Amino acid sequence: MNFILRILLTALAVVVLAKFLPGVEVEGYLTAIIVAIVLAILNLLVKPILVIFTLPVTILTLGLFLLVINAIIILLADAFVSGFGVSGFFIALLFSLLLSLFQSLLFSLLGKD
């Protein structure tokens, strides 16, 4: 139940950010839910592999390269979901930062797992 609520809150954050960021487009609420599910799958499967491959760069930049990895995950979600669009890398970087901020705020309302 908690996982479904997290997916719905992430979809809500995607819709809100798409309204305010000029380079992000979401066709509808169902597309936002699909984007949230795809982001969860990519964060589960692809992100650990990217972190391991880029570990020296991540250590060298004191963890700031993880922001680039998050932007890459957003761009991958853009490639997989047809109703979701991000216009460029820097918009994806800003979108990932704001999405992480909104998720932390919304997930704090849920409490513990």
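Remember, predicted model here, so these are calculated numbers, not experimental data.

### Quick notes on the UniProt feature "transmembrane region" (unreviewed entry) in the protein
Next, step 1: Per the UniProt record, "transmembrane region" (unreviewed entry) is found at residues 28–46, 53–77 and 89–110.
Next, step 2: Split by type, residues 28–46 is 95% helix and 0% strand. Its first and last C-alpha atoms lie 26 Å apart.
Next, step 3: Annotated as residues 53–77, this span is 80% helix and 0% strand, and its ends, taken at the C-alpha atoms, are 20 Å apart.

### Thoughts on the environment of Leu21
Next, step 1: Relative to the helices and strands, Leu21 is located in the loop between α1 (2–20) and β1 (24–26).
Next, step 2: A sequence separation of 48 residues divides Leu21 from Ile69, and the C-alpha atoms of the two residues are 20 Å apart.

### Details of the packing of aromatic side chains
The description of an aromatic ring pair rests on the distance of the ring centres and on the angle between the ring planes.
Next, step 1: Counted by the stated rule, this structure contains two aromatic pairs.
Next, step 2: An angle of 50° between the planes, with centres 5.9 Å apart, marks the rings of Phe84 and Phe95 as tilted. Residue Phe84 is found in strand β2 (residues 84–86), and its partner Phe95 is found in helix α5 (residues 89–108); the two are separated by 11 residues along the sequence.
Next, step 3: Their ring planes at 75° and their centres at 5.6 Å tell us that Phe89 and Phe90 sit as a pair that is edge-to-face.
Next, step 4: One residue, Arg6, lies across the ring of Phe107, its end atom 4.5 Å from the ring centre.

### What about helix α2 (residues 29–53)?
Next, step 1: Helix length check: α2, at 25 residues, gives a terminal C-alpha distance of 34 Å against a target of 36 Å (1.5 Å per residue), a fit within 8%.
Next, step 2: Within α2, the axis deviates most sharply at Asn43, by approximately 40°.
Next, step 3: Every buried residue belonging to α2 is among Thr31, Ala32, Val35, Ala36, Val38, Leu39 and Leu42, and all of these are buried.

### Looking at α5
Next, step 1: Between its terminal C-alpha atoms α5 stretches 28 Å, which fits the 28 Å expected from 20 residues at 1.5 Å a residue.
Next, step 2: Burial in α5 covers these residues: Ala92, Phe95, Ser96, Leu99, Leu106 and Phe107. End-on, the buried residues of α5 take up no more than an arc of 105°, which puts them together on one face. Projecting away from the buried face of α5 at angles above 90 degrees are the exposed residues Phe90 and Ser108.
Next, step 3: In this structure, the buried residues of α5 make contact with α1, β1, α2, α4 (65–80) and β2.

What counts, and at which threshold
Along each chain, the written sequence defines residue order, and numbers are assigned to residues from 1. Residues qualify for local features only when their pLDDT is at least 70, as the model is predicted, and side-chain atom pairs are given and counted only at 80 or more; totals for whole chains, interfaces and linings, by contrast, use all residues. Hydrogens and waters are ignored; side-chain quantities use all the structure's heavy atoms. UniProt positions are given in the numbering used here, feature names are shortened, and annotations may be inferred rather than shown by experiment. Only DSSP runs of H or I with at least four residues qualify as helices, and only runs of E with at least two residues qualify as strands; both kinds are numbered from the N terminus onward. Only Phe, Tyr and Trp rings take part, Trp by its six-membered ring, and two of them pair if their centres are within 6.5 Å. Stacked means planes under 30 degrees apart, edge-to-face means over 60, and tilted covers everything else. The rule for a charge over a ring is simple: NZ of Lys or CZ of Arg within 6 Å of the ring centre, and within 35 degrees of the ring normal. In a helix, the anticipated span is given by 1.5 Å times the number of residues less one. What the bend at a residue measures is the angle between two axes, fitted to the seven residues ending there and to the seven starting there. Burial classes follow relative accessibility: with a 1.4 Å probe on protein chains only, a residue under 20% of its type's maximum area counts as buried, one over 50% as exposed, and anything between as partly exposed. By arc we mean the arc of the directions from the helix axis to the C-beta atoms, nothing more. Throughout, a contact is declared for two residues whenever any of their heavy atoms are within 4.5 Å.

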